[in-house]
Structures are given as C-alpha cells and as structure tokens.
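A structural walkthrough
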Amino acid sequence: MLFNSLDFLVFFPTVAALYFLLPYRLRWVLLLIASYTFYMFWRVDYAIILVISTLIDYVCSRMMDRYAESERAKRKPWLWLSLLSNLGILFTFKYYNFFNEAAADLARLLDVPYAAPAFELLLPMGISFYTFQTMSYTIDVYYGRIKAEKHLGIFALFVTFFPQLVAGPIERAGNLLGQLKEKHDFNYQNAANGLKLMAWGLFKKIVIADRLAVMVNHVYNNPTDYEGIPLIIGTVFFAFQIYCDFSGYSDIAIGAAQVMGFRLMENFRRPYFSKSIREFWARWHISLSTWFRDYLYIPLGGNRVVKWRWYYNLFIVFLVSGIWHGANWTFVVWGALHGFYLVFAELTKRRRNAAVDALGLAGRPQTYKVAQIGTTFALVCLAWVFFRANTIGDAWYITTHLFSGLAETAQAIVTNEDGARGNLLYLGQSREIFTIGLLAILVLMLVELAQRSGSLRLAISSYPFPVRVAAYNILIASILLFGSFSESEFIYFQF
C-alpha cells in the first residue's frame with residue numbers, strides 16, 4: 001500500500017482509531033494484522049517471505065539466548081544460520097541475476113562455457129530494509145546487547161511494523177521493540193504533531209518529488225538527445241526529487257507512528273546544507289548510515305587501524321552501500337564515488353587547509369561555509385548522475401556532456417526557436433509546471449533554513465490560533481492544488 005494512495009487515506013485513520021479503542025492486550029494483534037494487510041496490498045504471496053524471515057530470526061535468537069554471553073562459540077552457529085538465511089533470500093531475489101549476468105560476461109570474455117539460468121523473480125518490496133533490521137537484531141542478541149524477544153507476535157510486529165516496513169527508517173530493536181509492548185494512550189499533541197509531519201511529507205512527495213520526476217525522466221530516459229543546460233537542470237532536479245521522495249516517505253512513516261504514540265528514529269537532517277561529504281552522510285539516510293557504521297565499518301576496524309586500512313574500510317563500506325541500493329553497476333559506481341570522495345578528503349586534508357588559509361577564507365567564515373556547501377552539493381549531484389542513469393553508458397554520457405554546448409543551448413532557450421525552450425529549459429513540461437517545481441524547491445529550502453534553530457512544528461505551535469490554522473491550511477491547499485496525484489511509488493521501494 002502506498003502512503004500517497006486513497007487506500008492509505010482510509011486504512012490509516014481506521015487502524016489508528018481501532019488502536020486506541022481496543023484493549024491494550026489486543027493492540028499488538030491489530031497492528032500485526034494491519035502490517036501484513038499493508039504489505040499484502042502490494043502482493044499477497046510475498047508475505048510468505050516475511051513469515052519465513054521472522055520465524056528463522058525468532059528461533060535463532062531464542063536458541064542464542066539459551067547460552068550465556070560468554071558462550072559465544074555455542075551461539076555462533078545460530079547467528080550464522082540467521083545471517084546466511086536472510087542474506088540468502090536477499091541474494092536470490094535481488095542479486096542473483098546481477099552476479100549471474102556478470103559471470104556470463106566474464107565467461108564470454110575468457111571464452112569459457114557458462115550456462116547458469118536466470119531467474120524471473122519480482123523483487124519483494126522493502127526486502128533490503130526488513131532484512132537489515134532483522135540482521136541487526138540477531139547480531140545484537142549474539143553480542144548480548146539485547147535479550148531475545150520471547151513473544152513471537154511482538155517480534156513479528158517488530159519485523160513488519162507497517163509505518164516503516166518497506167522503506168525504513170531501519171529501526172533497532174533497542175528503540176522499537178520495547179515501545180511495541182508499552183501502552184500508548186491517545187495524546188492530542190502526539191497526534192497533532194504526527195499529522196503535521198505526515199502532511200509535510202506528503203507535500204515533499206507529491207508536490208516536489210512527483211512533479212520533478214516527470215522532468216527528470218524526460219532528460220534521463222533520452223540523455224543523448226541533450227547536452228549542457230538540460231542535463232544540469234535534470235541532475236539538480238533529481239537531487240531534490242530523490243531527497244523529497246525518500247525523506248517525504250520517512251516523514252510520513254515517523255508521523256504515522258507518532259500519531260499512535262511510537263517514536264521512530266530521525267532519518268534525514270537537512271543533508272543539502274552539509275559542508276562536507278562526511279557531514280552529508282551524517283544527515284542522509286541516517287538509519288542506514290549508522291547501520292553500516294555499527295555492523296560493518298566498526299567490525300572492519302573503523303579508524304583504529306593503520307591509515308591504508310582505514311581508507312580501505314571507508315571505501316568498502318560505501319561500495320557495499322552502493323550494492324545495497326541496487327543490483328546494477330550504476331549503484332556500484334555511485335557507492336564507489338562516495339567512498340572515493342571520503343578517502344580523497346582525508347588524503348588532501350592538509351593541503352586543502354593550507355589553500356583555505358592562502359585564500360583568506362578562514363577569516364570569512366560565511367563565504368567559506370557557502371563555498372563548502374556548494375562544493376558538497378556539486379559532488380553529491382555528480383554522484384546522483386550514476387544513481388539515476390539507466391546504464392553506465394548513459395551516466396558516462398551525461399557526466400561528459402554536462403558542460404558541453406552551454407552557449408548553444410542558452411541561445412536556443414533565449415531565442416525559443418521551434419519551441420526549444422519547452423524542451424531544453426522546461427524539460428518537456430509547461431512553464432507553469434516548471435515554475436511550480438522551482439517554487440516548491442524554494443519553499444523546501446526556506447523551511448529547512450528555518451529548521452536550523454529548531455523544529456518548525458514547535459515554533460508554529462507557539463503562534464496564535466489563527467496563524468496556526470492559516471499555516472496548515474496553506475500547506476493542505478498547496479498539496480491539493482499543486483500535487484501530482486498519480487499514486488507513483490516511492491523510489492526506495494525498489495531497494
């Protein structure tokens with residue numbers, strides 16, 4: 001079920017109302033049924049994978065819990081059973097065909113016979129998210145950080161909790177599992193704040209992301225038809241499309257949980273105001289970034305190793321992050337680029353500091369800050385080219401033609417000969433749609449600037465009643481007037 005669908009408009013208020021009306025002891029049953037129903041709106045038979053994954057992790061964690069924390073040798077086989085089972089399911093559905101094709105290409109290159117068949121499998125929605133969530137649970141049980149959950153129903157709800165099931169935030173058992181057992185009474189402030197966040201998430205998704213998506217697709221589905229300005233606009237628009245698509249989903253998920261009294265972790269913190277790539281990853285998809293930090297980067301040794309190994313650890317983590325996002329070489333290159341950015345930043349840190357001093361930027365902090373934010377955004381956009389492009393060939397064409405023919409495309413836009421402006425500037429849309437997209441991005445950035453000093457929702461709550469009503473009426477009217485109601489899927493569902 002999509003958050004931006006009429007089905008959810010009926011589903012969520014019904015579930016939330018029943019949640020508070022039912023006796024406490026039955027609420028987990030309601031949420032579990034609701035979560036499976038939410039998932040099966042997409043496809044009924046794939047709910048079996050959720051059941052299998054839940055049962056394997058439940059049994060393995062309970063078996064690990066039978067042994068003391070010091071008896072890790074006895075716990076280890078159950079940990080491996082859980083990890084291999086989860087990764088095996090993930091590999092089969094998401095990566096088998098990718099690696100099979102790569103092996104076939106290599107065999108052809110070496111002139112070696114290779115005949116492994118390809119599978120025709122539909123990727124289960126959200127499989128990477130709930131797989132990582134359950135993997136962190138069993139790893140935490142193995143190391144004794146948490147006790148295994150004895151209640152199968154509560155554990156199943158932890159795996160499938162519908163607000164964050166298909167696109168996160170990837171929750172930790174330490175945060176969510178305990179909340180699923182707590183009694184949450186209706187709280188007006190929680191409900192009001194949750195609904196406000198859901199409305200803002202919906203604005204991001206259907207006013208910004210879905211509007212920009214049409215223009216981005218116009219360019220990225222036929223990149224060789226363009227050079228220069230339309231490629232730059234398309235790439236910048238994609239940066240905001242994917243941000244609003246994914247952070248919009250997170251806002252709706254966090255808001256929906258908050259209405260019912262649950263606290264999900266923050267997933268985005270104004271990432272396009274980052275002053276470095278390192279800071280960007282502390283603000284972007286926080287639940288995944290911290291997952292990789294805790295379950296891959298630190299076990300590899302983190303930065304407590306010799307320098308070359310530290311650089312290796314950084315690069316490998318981002319390479320794996322790229323593969324996590326998708327079984328395509330474009331995602332691999334995207335992850336590798338971010339790994340390269342981080343390693344390069346460490347290698348050149350001293351020289352860059354010397355350049356800052358030489359240019360006198362240290363004495364002009366605001367100018368320096370703007371330069372840092374601009375540079376970081378440009379690097380992130382360059383990497384987004386590979387994330388969005390349909391093939392490596394398309395990505396290469398776009399990156400090598402971003403600044404080609406700038407004068408020619410600018411002249412064509414100015415003269416508007418043969419209606420060139422609609423194709424090269426408005427990216428196949430009308431001037432009005434293009435303007436709505438630009439204004440929506442401006443609103444987003446102004447809101448995020450205001451959020452630097454704290455929650456805008458809390459700030460608005462302190463205003464007089466008429467001002468509050470006006471503010472939220474404007475938000476709702478904007479969604480109704482300028483939104484794209486095509487019920488398009490969220491980009492991260494495919495991961």
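First, a word on scope: everything that follows refers to the structure included in this document.

Rules and cut-offs
- Residues numbered from 1 in each chain as written.
- Predicted model: local features only at pLDDT ≥ 70, side-chain atom pairs only at ≥ 80, totals over all residues.
- Heavy atoms only, no water.
- Axes fitted to C-alpha atoms, helices over the stretch in contact; angles between N-to-C directions.
- Helix = DSSP H or I, 4+ residues; strand = E, 2+ residues; numbered from the N terminus.
- Parallel < 35°, antiparallel > 145°, perpendicular 65-115°, else oblique.
- Contact = heavy atoms within 4.5 Å.
- Phe/Tyr/Trp six-rings, centres within 6.5 Å; stacked < 30°, edge-to-face > 60°.
- Buried < 20%, exposed > 50% of the residue type's maximum accessible area, 1.4 Å probe, protein only.
- Lys NZ or Arg CZ within 6 Å of the ring centre and 35° of its normal.
- Salt bridge = Lys/Arg side-chain N within 4 Å of Asp/Glu carboxyl O.
- Left-handed = near helix turned anticlockwise from the far one by under 90°.

A separate point is the packing of helix H4 (residues 72-110) against helix H5 (residues 127-142). Between H4 and H5, whose axes approach to 10 Å, the crossing angle comes to 175 degrees. Compared by their axis directions, H4 and H5 come out roughly antiparallel. Between H4 and H5, the contacting residues are Arg 72, Arg 75, Lys 76, Leu 79, Ser 82, Leu 83, Asn 86, Leu 87, Ile 89, Leu 90, Phe 93 and Lys 94 on the first element and Ile 127, Ser 128, Thr 131, Thr 134, Met 135, Thr 138, Ile 139, Val 141 and Tyr 142 on the second.

Another point: the packing of aromatic side chains. In this structure the tally under the stated criterion is 61 aromatic pairs. Seen in terms of ring centroids, Phe 20 and Phe 186 are 5.4 Å apart; in terms of plane orientation they differ by 90 degrees. Their pairing is edge-to-face. You can see Phe 20 sitting in helix H1 (residues 6-21) and its partner Phe 186 sitting in the loop between helix H7 (173-179) and helix H8 (188-220), a full 166 residues away along the chain. With centroids separated by 6.4 Å and ring planes inclined at 15 degrees, the aromatic side chains of Tyr 272 and Phe 280 adopt a geometry described as stacked. With respect to class, Tyr 272 is no different from Phe 280; both count as buried. Geometry around Tyr 142 places Arg 72 over its ring, the cationic atom sitting 5.8 Å from the centre. Over the face of the ring belonging to Trp 324 we find Lys 94, whose NZ or CZ atom lies 5.4 Å from the ring centre.

The next point concerns the pattern of salt bridges. In total, this model carries 15 salt bridges according to the counting rule given. Between Glu 149 and Lys 181 there is a salt bridge, with the nearest N and O atoms lying 2.6 Å from each other. One end of the pair, Glu 149, is in the loop between H5 and helix H6 (152-160); the other, Lys 181, is in the loop between H7 and H8, and 32 residues separate them in sequence. Across the salt bridge formed by Arg 278 and Glu 346, the nearest N and O atoms sit 3.2 Å from each other. Taken together, the residues Arg 278 in helix H10 (residues 277-283) and Glu 346 in helix H13 (residues 329-347) connect sequence positions 68 residues apart. Owing to a relative accessible area of 44%, Arg 278 belongs among the partly exposed residues under this scheme. In the salt-bridge network here, residues are joined through shared partners; they are Arg 172, Arg 293 and Asp 294.

This part is about the packing of helix H12 (residues 307-325) against H13. Between H12 and H13, the shortest axis-to-axis distance is 7 Å and the interhelical angle comes to 155 degrees. By the criterion of interaxial angle, the relationship of H12 to H13 is roughly antiparallel. Handedness of the H12/H13 crossing: right-handed. Where H12 approaches H13, its residues Trp 310, Tyr 311, Leu 314, Phe 315, Phe 318, Leu 319, Ser 321, Gly 322, Ile 323 and His 325 are matched on the opposing element by Phe 331, Val 332, Trp 334, Gly 335, Ala 336, His 338, Gly 339, Phe 340, Leu 342, Val 343, Glu 346 and Leu 347.

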